[in-house]
Amino acid sequence: MAKLCVALDTDYEKAINLVEELKEYPLIFKVGYKLFIPYGREVVETIKRISPKAELFLDLKLHDIPNTVRNGVRGASQLGVDYLTLHTLGGKEMIETAAGVKGNTNVLGVTLLTSHDGGYLEEIGVSLPKEEFILRLAKIGLEGGCDGLVCSAHEVEFLKERLGDFLAVVPGIRPAGFSKGDQKRVATPREAVERGADILVVGRPIVEAPNPKEVVEQILEEISK
Ligand code: C5P
């Protein structure tokens, strides 16, 4: 069954309250720059203490020379983080070097950010169609040793068809009736799972809901059918 990941893009207090409120559910909590840069180890350890069953996803999208990224991956692994992102644009050597020290941490490759479009590719001198570029980056990621890839619900089917199965982590999820926010292309939890998503990343529809528990239950129920 697919898993649900709650993106804690909130301030510290709100994040900790949400973890407390949602600790009874089988969830993954995603921590990004907003919490990790100011609170680092403290926020990771606090979440694990409050919700020992939950998995932890550190979304730092690492991209640097191989040795530097290896240091980052080793540090995340030592912190006991279950998932960590890096940019496949960093290349195969960077990914291979990083994957060598990942321990129990699943390394997830990010391809082209959804904020980038064809105009960006032209700007950096890439003449490949966007889809082919994403496919090439995804291949570099998996060949380099990534356990999975972050991709949109609209790419996941195509990527699995071309590359075989991998752990597909899919953001841009909106349960029926929720606002799209700044996400341009969204899918419902059910649609995403039908297309091959293994982990659904959901932020605002849960963290900004008047009753986050209700939304979590609704999504878990929808993806368990
Ligand atoms: O609030 P929302 O559900 O849009 O949050 C989605 C989460 O997934 C955010 O933490 C965002 O940074 C992340 N994400 C994304 N699109 C990507 C990669 C990551 O929305 N392509």
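Here, every reference points to the structure presented above.
In what follows, the accompanying structure is described. (Residues numbered from 1 in each chain as written. Predicted model: local features only at pLDDT ≥ 70, side-chain atom pairs only at ≥ 80, totals over all residues. Heavy atoms only, no water.)

### Details of the site of the ligand
For step 1, the next point in the chain: Every residue near the ligand is listed here: A7, D9, K30, T114, P171, R174, Q183, V201, V202, G203, R204 and P205.
For step 2, the next point in the chain: Taking R204, its main chain carries an N or O atom lying 2.7 Å from an oxygen atom of the ligand.
For step 3, the next point in the chain: Here the ligand loses 83% of its free accessible area of 470 Å² to cover by the protein chains.
For step 4, the next point in the chain: Those elements giving two or more residues to the shell around the ligand turn out to be β8 (199–202) and α9 (204–207). (Near = heavy atom within 4 Å. Polar contact = N/O pair within 3.5 Å; in protein donor to acceptor, adjacent residues only side chain to side chain. Areas by Shrake-Rupley, 256 points an atom, 1.4 Å probe, with all protein chains shown as cover. Helix = DSSP H or I, 4+ residues; strand = E, 2+ residues; numbered from the N terminus.)

### Focus on the pattern of salt bridges
For step 1, the next point in the chain: In this structure the tally under the stated criterion is 12 salt bridges.
For step 2, the next point in the chain: In this structure, E45 engages R41 in a salt bridge whose closest nitrogen and oxygen atoms are separated by 2.9 Å. Here E45 and its partner R41 are both found in helix α2 (residues 33–50), four residues apart, which amounts to about one turn of the helix. (Salt bridge = Lys/Arg side-chain N within 4 Å of Asp/Glu carboxyl O.)

### A closer look at helix α1 (residues 12–21)
For step 1, the next point in the chain: For α1, the full list of buried residues reads Y12, A15, I16, L18 and V19. Down the axis of α1, the buried set is contained in an arc of 160°. They therefore lie on one face.
For step 2, the next point in the chain: Buried positions along α1 lie against β2 (27–31), α2, α9 and α10 (212–224). (Buried < 20%, exposed > 50% of the residue type's maximum accessible area, 1.4 Å probe, protein only. Arc of directions from axis to C-beta. Contact = heavy atoms within 4.5 Å.)

### So, the sheet that holds strand β1 (residues 3–7)
For step 1, the next point in the chain: With parallel pairing, the eight strands of this closed barrel are ordered in space as β1-β2-β3-β4-β5-β6-β7-β8. Averaged over all pairs of adjacent strands, the angle between their axes in this sheet comes to 25°, without regard to strand direction.
For step 2, the next point in the chain: In this sheet, strand β4 (residues 83–87) lies alongside strand β3 (residues 55–62) in parallel orientation, the contact comprising three bridges. Pairing of F57 across the sheet is with Y83, part of β4.
For step 3, the next point in the chain: Here α2 sits on the sheet in contact with β2 and β3, set at roughly 160° to β3. (Pairing = 2+ DSSP bridges. Axes fitted to C-alpha atoms, helices over the stretch in contact; angles between N-to-C directions.)

### A look at α2
For step 1, the next point in the chain: With 18 residues, α2 extends only 21 Å from end C-alpha to end C-alpha; this falls clearly short of the ideal 26 Å at 1.5 Å per step.
For step 2, the next point in the chain: Of all the positions in α2, only L35, F36, G40, V43, V44, T46, I47 and I50 are classed as buried.
For step 3, the next point in the chain: Tucked into the core, α2 has its buried residues touching α1, β2, β3 and α3 (66–79). (Expected span 1.5 Å × (residues − 1).)

### Description of the packing of aromatic side chains
For step 1, the next point in the chain: Here the structure, examined in full by the defined rule, presents two aromatic pairs.
For step 2, the next point in the chain: Aromatic pair Y12 and Y39: ring centres 4.4 Å apart, planes at 35°, arrangement tilted. With Y12 in helix α1 and Y39 in helix α2, this pair connects stretches of sequence that are 27 residues apart.
For step 3, the next point in the chain: Classification of Y39 as partly exposed rests on a relative accessible area of 33%.
For step 4, the next point in the chain: Taken together, a centroid distance of 6.0 Å and an interplanar angle of 50° make the contact between F57 and Y83 tilted. With F57 in strand β3 and Y83 in strand β4, the pair connects residues that are 26 residues apart, well separated along the chain. With respect to class, F57 is no different from Y83; both count as buried.
For step 5, the next point in the chain: Residue placement shows K30 over the ring face of F57; its charged tip is 5.9 Å from the ring centre. (Phe/Tyr/Trp six-rings, centres within 6.5 Å; stacked < 30°, edge-to-face > 60°. Lys NZ or Arg CZ within 6 Å of the ring centre and 35° of its normal.)

### Comments concerning the pairing of β1
For step 1, the next point in the chain: Across the five residues that make up β1, a large majority, four, are buried.
For step 2, the next point in the chain: In the sheet, β1 pairs with β8 via four bridges, with the strands oriented parallel. Note that in β8 the partner of C5 across the bridge is V201.
For step 3, the next point in the chain: The sheet contact formed by β1 and β2 spans four bridges and is parallel. Within β2, the position partnered with C5 by the bridge is I28.

### Things to note about the environment of V110
For step 1, the next point in the chain: Along the chain, the position of V110 falls in strand β5 (residues 106–110).
For step 2, the next point in the chain: The spatial distance from the C-alpha of V110 to the C-alpha of V126 is 17 Å, given a sequence separation of 16 residues.
For step 3, the next point in the chain: Excluding residues that lie within four positions of it along the chain, V110 makes contacts with K61, T85, L86, H87, T88 and V150.

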